[in-house]
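Observations on chain architecture
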Amino acid sequence: MPRETLDRQIHQLQDEVLLLGSMVEQALLNAVDTLKRRDISAAQKIFANDIAINEKRYALENALIIIIATQQPMARDLRLLASVLETIIELERIGDYAKGIAKVVIRLGDSTLPMPMREFSQMAEQAASMLHRALSAFINEDAAKAREIVLEDDQVDELYNKAYRAIVTTMIANPEIIDDANLLVWVAHNLERAADRVTNICERTVYIATGELFELDTDDSEETAY
Amino acid sequence: MTHETNNHYAIETRGVNLYYGNFRAVKDVDLQIVPQKITAIIGPSGCGKSTVLRSFNRMNDFVPSFRMEGEILFHGQNIYAEDVDPVMVRQRIGMVFQKPNPFPKSIYENVAWGARINGYKGNLDELVEQTLRDAALWDEVKDNLKKSGLSLSGGQQQRLCIARALAVKPEIILMDEPCSALDPIATLKIEELMRELSRQYTIIIVTHNMQQAARASDYTAFFTMDDDRAGLMVEYGETHQIFTNPRDQRTEDYITGRFG
Ligand SMILES: Nc1ncnc2c1ncn2[C@@H]1O[C@H](COP(=O)(O)OP(=O)(O)OP(=O)(O)O)[C@@H](O)[C@H]1O
Ligand SMILES: [Mg+2]
């Protein structure tokens with residue numbers, strides 16, 4: 001085979017994407033866990049760790065640009081590399097959502113606000129699990145799997161609505177906590193958006209496999225999130 | 001794509017098979033060339049790209065063992081029909097070769113010669129200037145028109161050869177790896193020139209340089225060799241589609257370097 005170098009470079013890049021993915025997945029789960037435990041020092045660690053996520057994203061982007069410049073990929077290779085670029089950006093953003101949640105933990109301090117913690121935990125677990133499987137489908141270029149995962153986004157949206165209703169209900173009952181409760185809306189929003197970002201990764205998987213570029217999740221979740 | 005007679009195409013081939021003696025070099029080509037566009041022909045060595053290209057202006061007539069089946073239509077007329085004058089065909093469908101091959105004459109004569117032979121009645125000086133301008137060479141040679149064409153750089157020689165082809169007022173220009181002997185800058189100049197010329201002319205280019213086909217053409221035809229070593233057209237489509245999402249696995253394998 002005359003193209004071992006490109007294949008090797010692509011495999012390395014895919015491994016690194018998986019690594020970045022697991023860093024982000026962990027950050028998301030940890031963030032919600034620190035919220036549950038109200039652990040401010042753990043939340044500060046998530047902050048520090050986000051720097052590592054960002055650095056990794058830029059290192060990958062750089063490696064990717066070098067492959068494009070030196071190998072001039074075509075067809076499926078080109079679709080794959082373009083999709084890796086999109087995916088590492090999505091991963092970094094999911095990392096930012098985790099950081100945002102950690103920030104909320106710090107801002108809340110020891111406030112005794114009631115929280116829809118069950119919904120938050122479920123959303124985080126669901127989003128993290130979707131992310132994990134989406135990346136494995138991405139690496140395996142498995143369009144069928146990717147399409148299945150996108151369907152699960154509805155469950156996250158449902159949990160979001162539940163959490164949102166709970167928070168608003170609390171606010172109405174006790175207008176004094178509106179500022180803190182607003183932070184909780186932010187948490188719900190970040191978790192919901194994290195799952196949306198996963199569906200973008202799934203779109204890329206379909207693109208690599210088929211060459212078709214379109215939005216898989218059509219229920220306007222971006223609108224309802226605000 | 002249809003099989004009806006259609007003057008809409010610059011060239012249309014129907015069931016074309018090309019032979020050297022008993023060897024079928026190219027089989028069953030049905031191809032429609034869109035006018036005033038750049039069509040690239042790509043494929044591995046020996047798949048018959050040059051053979052196909054040369055059949056478009058009957059250059060293969062010079063090979064004694066050459067024989068063809070099928071039809072190659074130009075303005076709806078089969079250029080291999082009995083009553084067609086091959087010289088006329090070559091005037092309307094010009095050719096530029098891999099190695100720049102100016103005549104060992106002055107720059108001026110390289111351009112004027114073909115026109116004069118074809119009985120050009122207008123002002124030759126004007127024709128030479130306009131043609132050299134069209135070939136993006138005028139500014140570089142206007143003070144040295146008496147100098148030998150062979151004294152120019154490779155890239156300039158190739159543009160001179162393009163000017164020579166343009167001087168006889170063709171409709172189609174065939175180019176067989178026109179940049180393979182040129183450096184990247186000279187190559188880009190030819191590609192820019194091709195783009196400019198495609199406003200007036202139909203261009204068909206054979207190239208081994210995948211990036212060149214991707215950069216410089218509107219349509220791409222991918223040829224490969226079958227088990228019997230005959231060349232065949234595997235896929236033909238808009239260039240952006242061929243290079244981002246080829247439909248045939250053989251095309252994918254070739255353009256991503258998995259071939260062979
Ligand atoms: N004059 C000839 N006489 C006999 N066989 C020929 C002649 N010219 C070409 N062939 C054969 O026809 C086949 C196609 O050759 P052709 O030159 O058209 O291929 P190509 O695709 O242009 O290759 P390359 O990329 O190397 O230029 C080859 O097997 C070649 O050996
Ligand atoms: Mg050739």
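Within an unreviewed UniProt entry, the label attached to chain B reads Phosphate ABC transporter ATP-binding protein, PhoT family, and the organism entered is Anaerolinea thermolimosa.

As annotated in an unreviewed UniProt entry, chain A carries the name Phosphate-specific transport system accessory protein PhoU and comes from Anaerolinea thermolimosa. Taken directly from UniProt, the Sequence similarities (unreviewed entry) text for chain A runs: "Belongs to the PhoU family." As recorded by UniProt, the Function (unreviewed entry) comment attached to chain A reads in full: "Plays a role in the regulation of phosphate uptake."

What follows concerns the UniProt feature "domain: PhoU" (unreviewed entry) in chain A. Residue and element names in this part refer to chain A. UniProt feature "domain: PhoU" (unreviewed entry): in the numbering of this structure it lies at residues 19-105 and 121-205. Between the first and last C-alpha atoms of residues 19-105 the distance is 26 Å; the span itself is 94% helix and 0% strand. Structurally, residues 121-205 is divided into 92% helix and 0% strand, and its ends, taken at the C-alpha atoms, are 27 Å apart.

Turning to the layout of surface pockets, a few remarks are in order. All names here are of chain B. In this model, the largest pocket occupies a volume close to 550 Å³. Looking at the lining of the largest pocket, the elements with two or more residues in it are α2 (86-92), β6 (93-96), α3 (107-117) and α6 (154-166). For the lining of the largest pocket, the residue count by class is 12 nonpolar, 5 polar and 2 charged.

This part takes up the packing of aromatic side chains. Enumeration according to the criterion identifies 5 aromatic pairs over all chains in this entry. Ring geometry for Tyr-219 of chain B and Tyr-236 of chain B: centres 6.3 Å apart, planes at 45°, overall tilted. Taken together, the residues Tyr-219 of chain B in strand β9 (residues 219-225) and Tyr-236 of chain B in strand β10 (residues 231-238) connect sequence positions 17 residues apart. Here the two residues Tyr-219 of chain B and Tyr-236 of chain B agree in accessibility, since each one is buried. Geometry around Phe-47 of chain A places Lys-99 of chain A over its ring, the cationic atom sitting 5.7 Å from the centre. Positioned over the ring face of Phe-103 of chain B is Arg-164 of chain B, at 4.3 Å from the centre of the ring.

Reading the values: the criteria
Per-chain numbering applies: the sequence of each chain, read as written, is numbered from 1 onward. Key to labels: chains lettered from A, ligands numbered from 1, both in the order written. The model is predicted, so local features are restricted to residues of pLDDT at least 70 and side-chain atom pairs to those at 80 or more, both for listing and for counting; the totals for chains, interfaces and linings are taken over all residues. In computing side-chain values, all of the structure's heavy atoms are included and hydrogens and water are not. UniProt positions are given in the numbering used here, feature names are shortened, and annotations may be inferred rather than shown by experiment. Strands are runs of DSSP state E lasting at least 2 residues, helices are runs of H or I lasting at least 4, and numbering of each runs from the N terminus. Each cavity reported here is a set of points on a 1 Å grid over the protein atoms alone in which a 1.4 Å probe fits but cannot get out, each pocket an open set with protein on both sides within 12 Å along at least five of seven lines, and each lining residue one with an atom within 4 Å of a point. Grid points are joined across faces, edges and corners, and a volume is the space filled by probe spheres set on the points. For this classification, Asp, Glu, Lys and Arg are treated as charged, while Ala, Val, Leu, Ile, Met, Phe, Trp, Tyr, Cys and Pro are nonpolar and the rest, including Gly, are polar. Only the six-membered ring of Trp is used, alongside the rings of Phe and Tyr, when aromatic pairs are assigned; centres must lie within 6.5 Å, and planes under 30 degrees apart are stacked while those over 60 apart are edge-to-face, with the rest tilted. Think of it in three bands: residues with accessible area under 20% of the maximum for their type are buried, residues over 50% are exposed, and the middle band is partly exposed, with areas taken using a 1.4 Å probe on protein chains only. A ring is considered to have a charge above it if a Lys NZ or an Arg CZ atom is located within 6 Å of its centre and within 35 degrees of its normal.

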